[in-house]
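One-letter residues, chain by chain:
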Amino acid sequence: MNKATIAIDTKLPRQDAYGAIAMPVYHTAAYEFETAKEMANAFCGRVLAPDYSRVMNPTVMYLEDKVKALTGATNVFAFCSGMAAITNALLVFVEQGKNIVTSRHLFGNTVALMNRTFSRLGIETRSIDLLDLDAVRDAIDEHTACLYLEIVTNPQMEVADLSALAEIAHERGIPLIADTTVIPFTQFSAKRLGVDVEVVSSTKYISGGATSLGGLVIDYGTFPVVNQRIRFELLFNVGSYMSPHAAYMQSLGLETLDARYRVQAQNALTLARKLKEVPEITQVNYIGLEDNPFHDLAVRQFGKTAGAMLTIDLADRKTCFNFIDHLQLIRRATNLFDNKSLAIHPYSTIFGPFGGKQKAEMDVRDTTIRLSVGLEDVDDIFEDIVQAVRAIP
Ligand SMILES: *Cc1c(COP(=O)(O)O)cnc(C)c1O
């Protein structure tokens, strides 16, 4: 079956008492057992049955099963946010004295997780230009825990060469962990490109209209320690499992993901092409445009579509603020891949806490606006941008 069908047709693991057609929301903390022996088997992991909802819950497991069917993963774990998924995936591999080799372009909170939180625990982060494969090779040593990256960086829109980077990681016996949030896993196979562990902020495309926060760790089974540590250690001790209500909404979100994504990606491409013709916009950065330096690599890895995130550059910060203030349809908000189009000035918001020098090193510019293209009519989105670009302060 095709992925659009699988996303809708995943069967419930057992017959529901009332024949419910949607997976019910099991809002329960604990589960009752028939016998002491069954209880012992569940608690000791000899049988995979829910015993406590910090670790396992039927509604969350249903979402995990859907993602497993869609990705061909060995294990999927759902967490209460993308950051919780990233933290848990990294906690499998890091320990005091180890280092993470990663990109100099990363999501702001992931940078802070590594450079503040993990650095306090004696874990070093090596931020490298991932376009320089020799520099990546040189950065990896015997204390490297993993190679971590984002498939398309935001807001720089740099595309990682996953097969090449996976080969480097595997030569050294370390896993490649990839944050694939910006292109849905229904569009391409991270596993086929050599990714060992995929992390996704399901808050974005999957939640279906920014309904809830969530994160996924998608484990392709190449490093058995992932399943052992997450299932039997981290879920218990860290306690950041997804809530049943969020899992219910995100299961519904998965059902419409393919349909929503197709429209959003098409809108983004149409919009990017039209925005190139607007003289006030100095640059349009979208990997779906044929003249984008990463276009061919993106097509090779992710297929025909290029996501719904793009950036535009305007003359200076003042012009960017004026543009944002004059938007009438597009919302002034962070987040990505809502049904509604969103605009943000990353330099002064997401990257606000970082210093000017740090932002320059990360190639985050004062002139850039990030757009997340929604499901509205694309002509209306375009008209809103043009009127805001031309509005007099
Ligand atoms: C939003 C985002 C995250 C964090 O996810 P949350 O669900 O907000 O915790 C991580 N990586 C990328 C690329 C994101 O866009």
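About the thresholds
- Residues numbered from 1 in each chain as written.
- Predicted model: local features only at pLDDT ≥ 70, side-chain atom pairs only at ≥ 80, totals over all residues.
- Heavy atoms only, no water.
- Helix = DSSP H or I, 4+ residues; strand = E, 2+ residues; numbered from the N terminus.
- Contact = heavy atoms within 4.5 Å.
- Areas by Shrake-Rupley, 256 points an atom, 1.4 Å probe, with all protein chains shown as cover.
- Lys, Arg positive; Asp, Glu negative; His and termini not counted.
- Charge placed at Lys NZ, Arg CZ, Asp CG, Glu CD.
- Near = heavy atom within 4 Å.
- Polar contact = N/O pair within 3.5 Å; in protein donor to acceptor, adjacent residues only side chain to side chain.
- Axes fitted to C-alpha atoms, helices over the stretch in contact; angles between N-to-C directions.
- Parallel < 35°, antiparallel > 145°, perpendicular 65-115°, else oblique.
- Left-handed = near helix turned anticlockwise from the far one by under 90°.
- Expected span 1.5 Å × (residues − 1).
- Buried < 20%, exposed > 50% of the residue type's maximum accessible area, 1.4 Å probe, protein only.
- Phe/Tyr/Trp six-rings, centres within 6.5 Å; stacked < 30°, edge-to-face > 60°.
- Lys NZ or Arg CZ within 6 Å of the ring centre and 35° of its normal.
- Pairing = 2+ DSSP bridges.
- Salt bridge = Lys/Arg side-chain N within 4 Å of Asp/Glu carboxyl O.
- Domains from an automatic or database assignment.
- Buried area = accessible area lost by both parts, 1.4 Å probe.
- Nonpolar A, V, L, I, M, F, W, Y, C, P; charged D, E, K, R; others polar.

Engineer: Explain the overall build of the chain to me, please; I cannot follow it from the model alone.
Structural biologist: On a plain count of helices and strands, the chain comes out with 13 helices and 12 strands. Projected onto its principal axes, the C-alpha coordinates of the chain cover approximately 75 × 55 × 35 Å. Counting only contacts in the chain whose residues sit at least 6 apart along the sequence, the fraction spanning at least 24 positions is 73%. Accessible area of the chain: about 17100 Å², with a carbon and sulfur share of 52%. In the chain, which carries 37 positive and 46 negative side-chain charges, the distance between the mean positions of the two groups comes to 2 Å.

Engineer: I tried to follow the site of the ligand on my own but got confused; where do I start?
Structural biologist: Taken together, S81, G82, M83, I86, F107, D179, T181, S201, T203, K204, G214 and L336 are the residues near the ligand. Taking K204, its side chain carries an N or O atom lying 2.7 Å from an oxygen atom of the ligand. Protein contact buries 90% of the 380 Å² of open area that the ligand shows by itself. Top contributing element to the shell around the ligand by residue count: helix 4 (residues 82-93), with 3 residues.

Engineer: Can you help me understand the packing of helix 4 against helix 8 (residues 225-238) in this one?
Structural biologist: The angle between the axes and the distance between the axes are what describe a pair of packed helices. At a minimum axis distance of 9 Å, the contact between helix 4 and helix 8 shows a crossing angle of 120°. Judged by the inter-axis angle, helix 4 sits oblique to helix 8. Note that helix 4 runs across helix 8; the crossing there is right-handed. Residues N88, L91, V92 and F93 of helix 4 lie in contact with helix 8, whose contacting residues are V225, V226, R229, I230, L234 and V238.

Engineer: Hey, could you run me through helix 4 in this one?
Structural biologist: Residue pairs spaced three or four apart in an α-helix point in one direction, given the helix's 3.6 residues per turn. For helix 4, with 12 residues, the first-to-last C-alpha span of 18 Å sits near the 16 Å given by 1.5 Å per residue. Most of helix 4 is tucked away, with 10 of its 12 residues classed as buried. For helix 4, every residue scored as buried is listed here: G82, A84, A85, I86, T87, N88, A89, L90, V92 and F93. The backbone nitrogen of M83 has a side-chain oxygen 3.4 Å away, supplied by the residue at the start of helix 4, namely S81.

Engineer: Would you take a moment to explain the packing of aromatic side chains for this structure?
Structural biologist: Describing an aromatic ring pair means giving the distance of the ring centres and the angle of the ring planes. With the rule as written, the count across this model stands at 6 aromatic pairs. For the ring pair F93 and F223, a centre distance of 6.1 Å and an interplane angle of 85° mean the geometry is edge-to-face. Placement of the pair is F93 in helix 4 and F223 in the loop between strand 7 (215-219) and helix 8, with a sequence separation of 130 residues. A residue is classified by how much of its surface remains accessible, and F93, at 10% relative accessible area, is buried. Ring centres 5.9 Å apart and planes at 45° place the aromatic pair F351 and F354 in the tilted group. Per residue, the accessibility class of F351 equals that of F354, and both read buried. Counting every residue linked through ring pairs, the aromatic cluster contains Y205, Y261 and F337. Between the NZ or CZ atom of K274 and the centre of the ring of F382, over which it lies, the distance is 4.8 Å. Note that K359 overlies the ring of Y347, its terminal NZ or CZ placed 3.9 Å from the centroid.

Engineer: Any chance you could explain the sheet that holds strand 9 (residues 309-313) here in plain terms?
Structural biologist: Think of a sheet as strands paired side by side through backbone hydrogen bonds, with each pair either parallel or antiparallel. The 5 strands are arranged 8-9-12-11-10 in an open sheet whose pairing can be described as mixed. Every interior strand has two partners, whereas the edge strands, strand 8 (283-285) and strand 10 (331-332), have only one. With 3 bridges joining them, strand 8 and strand 9 adopt antiparallel strand pairing. Residue pairing across strands places Q283 opposite D313, the latter belonging to strand 9. Along the sheet, helix 9 (residues 244-275) contacts strand 8, strand 9 and strand 12 (368-372); its crossing angle with strand 9, the most-contacted strand, is approximately 15°.

Engineer: Just checking my understanding: could you explain the side chain of N322 for this structure?
Structural biologist: If you trace the backbone, N322 turns up in helix 11 (residues 317-325). Apart from the residues within four sequence positions on either side, N322 is in contact with A391, I392 and P393.

Engineer: What exactly am I supposed to notice about unusual backbone geometry here?
Structural biologist: Residues other than glycine predominantly adopt negative phi, and peptide bonds predominantly adopt the trans conformation. With an omega dihedral of 15°, the bond running from N154 to P155 counts as a cis peptide bond. By the secondary structure assignment, P155 is in the loop between strand 4 (144-150) and helix 7 (162-171). One non-glycine residue, A210, adopts positive backbone phi at about 55°. With respect to the helices and strands, the residue A210 is situated in the loop between strand 6 (197-201) and strand 7. Looking at A210, the relative accessible area reads 33%, which means it is partly exposed.

Engineer: How should the pattern of salt bridges be read in this particular structure?
Structural biologist: Pairing between side chains becomes possible if they bear opposite charge and their charged atoms approach one another. Here the structure, examined in full by the defined rule, presents 14 salt bridges. The closest approach of N and O atoms between E124 and R126, which form a salt bridge, is 3.0 Å. According to the relative accessible area criterion, E124 is partly exposed, its value standing at 39%. Across the pair D258 and R262 runs a salt bridge, and its minimum N-O distance is 2.9 Å. With D258 and R262 both in helix 9 and 4 residues apart, this pair spans about one turn of that helix. Residue classification places R262 among the exposed residues on the basis of a relative accessible area of 53%. Residues participating in the shared-partner salt-bridge network are E124, R126 and D141.

Engineer: I tried to follow the domain arrangement of the chain on my own but got confused; where do I start?
Structural biologist: Bring the parts together and some accessible area is lost; that lost area is often taken as the interface size. Assigned domains of the chain: these are domain 1 (3-251) and domain 2 (276-389). Each of domain 1 and domain 2 has a C-alpha centre, and the two are 27 Å apart. Counting residues at the interface gives 33 residues for domain 1 and 29 residues for domain 2. Summing both sides of the interface, domain 1 and domain 2 together bury roughly 2600 Å²; the carbon and sulfur share of this comes to 64%. It is P155, M157 and V159 in domain 1 that bury the most area against domain 2; as a group they hold 25% of the surface buried on that side. In this assembly, domain 1 and domain 2 are joined by 1 salt bridge. Across the domain 1-domain 2 interface, the total number found is 11 residue pairs in polar contact (both at pLDDT 80 or more). Top element by residues in the side of domain 1 that touches domain 2 is helix 5 (residues 108-120). It accounts for 3 residues. The residue makeup of the side of domain 1 that touches domain 2, split by class, is 16 nonpolar, 11 polar and 6 charged.

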